[in-house]
Amino acid sequence: MQVLTEVLEHELKTAFEVKDEGAVHRYVSLMLEQSIDKKENETEHAEFREALVKMDAKTDAILLEMHEGFKRMDERFEAVDKRFEAVDKRFEDIISRFDEKFESNDKRFNDMNKRFTMMFAFMSIGFVMIGTLITVFQILG
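Right, let's walk through the structure included here. (Residues numbered from 1 in each chain as written. Predicted model: local features only at pLDDT ≥ 70, side-chain atom pairs only at ≥ 80, totals over all residues. Heavy atoms only, no water.)

## Here's the deal with the overall build of the chain
Counting its regular elements, the chain contains two helices and zero strands. A compact globule built from 141 residues should have a C-alpha radius of gyration of about 14 Å, whereas the chain, at 55 Å, is more than 25% larger. Its C-alpha atoms put the chain at 175 × 25 × 15 Å along the principal axes. The buried share among the 141 residues of the chain stands at 4%. Of the roughly 13200 Å² that the chain leaves accessible, carbon and sulfur atoms contribute 63%. Computing the positive centroid from 21 side-chain charges and the negative centroid from 30, the chain places the two 14 Å apart. (Helix = DSSP H or I, 4+ residues; strand = E, 2+ residues; numbered from the N terminus. Rg over C-alpha atoms; globule rule 2.2 N^0.38 Å. Buried < 20%, exposed > 50% of the residue type's maximum accessible area, 1.4 Å probe, protein only. Areas by Shrake-Rupley, 256 points an atom, 1.4 Å probe, with all protein chains shown as cover. Lys, Arg positive; Asp, Glu negative; His and termini not counted. Charge placed at Lys NZ, Arg CZ, Asp CG, Glu CD.)

## Observations concerning a negative patch on the surface
Together, Asp 74, Glu 75, Glu 78, Asp 81, Glu 85, Asp 88, Glu 92 and Asp 93 give the surface a local cluster of negative charge. The residue Glu 75 is located in helix α2 (residues 21-140) in this model. (Patch = residues over 30% accessible without salt bridge, like charges linked within 9 Å, V, L, I, M, F, W, Y side chains within 5 Å. Salt bridge = Lys/Arg side-chain N within 4 Å of Asp/Glu carboxyl O.)

## Observations concerning the packing of aromatic side chains
Taken as a whole and judged by the stated rule, the model has one aromatic pair. With a centroid separation of 6.3 Å and an interplanar angle of 25°, the aromatic rings of Phe 98 and Phe 102 are classed as stacked. Of this pair, Phe 98 and Phe 102 both sit in helix α2, separated by four residues, roughly a single helical turn. Residue Phe 98 is classed as partly exposed on the basis of its relative accessible area of 45%. (Phe/Tyr/Trp six-rings, centres within 6.5 Å; stacked < 30°, edge-to-face > 60°.)

## Digging into the pattern of salt bridges
Enumeration according to the criterion identifies one salt bridge in this entry. Between Glu 68 and Lys 71 there is a salt bridge, and its shortest N-O distance comes to 3.9 Å. Here Lys 71 and Glu 68 lie together in helix α2, a separation of three residues that amounts to about one turn. Note on Lys 71: relative accessible area 39%, which makes it partly exposed.

## A look at a nonpolar patch on the surface
A cluster of nonpolar side chains, contributed by Phe 109, Met 112, Phe 116, Met 119, Met 123, Phe 127, Ile 130 and Ile 134, occupies part of the molecular surface with about 830 Å² of accessible area. By the secondary structure assignment, Ile 134 is in helix α2.

Here it is as structure tokens:
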């Protein structure tokens, strides 16, 4: 750094008429400090860029994992949907069997109801006939 400062001072002194050597020294020092700051900034910028690239890669990996996780969840939901469809089919089968049994029971009860209605009608007709015959025999007899 010192050698570079001396070389630049010497070149400026030979190129221009120098009235104040201290000013040349300060000028060279300021220029070198700024170039050093610029190099540090470039280094920091490169490190920052590398950090961003790493973060971008990690973000991509996280997004890929999330995408895979969502895909697995979709597959699980599809499997659950299939199980529910199977259960629904079993319930529909059970309901249809119950409906068939209830229909056969309804038919059986309707048949029994017809029999009881006919029996009641015949009994009523029979009692009416017996009552009529008794009345006729009492009047005639």
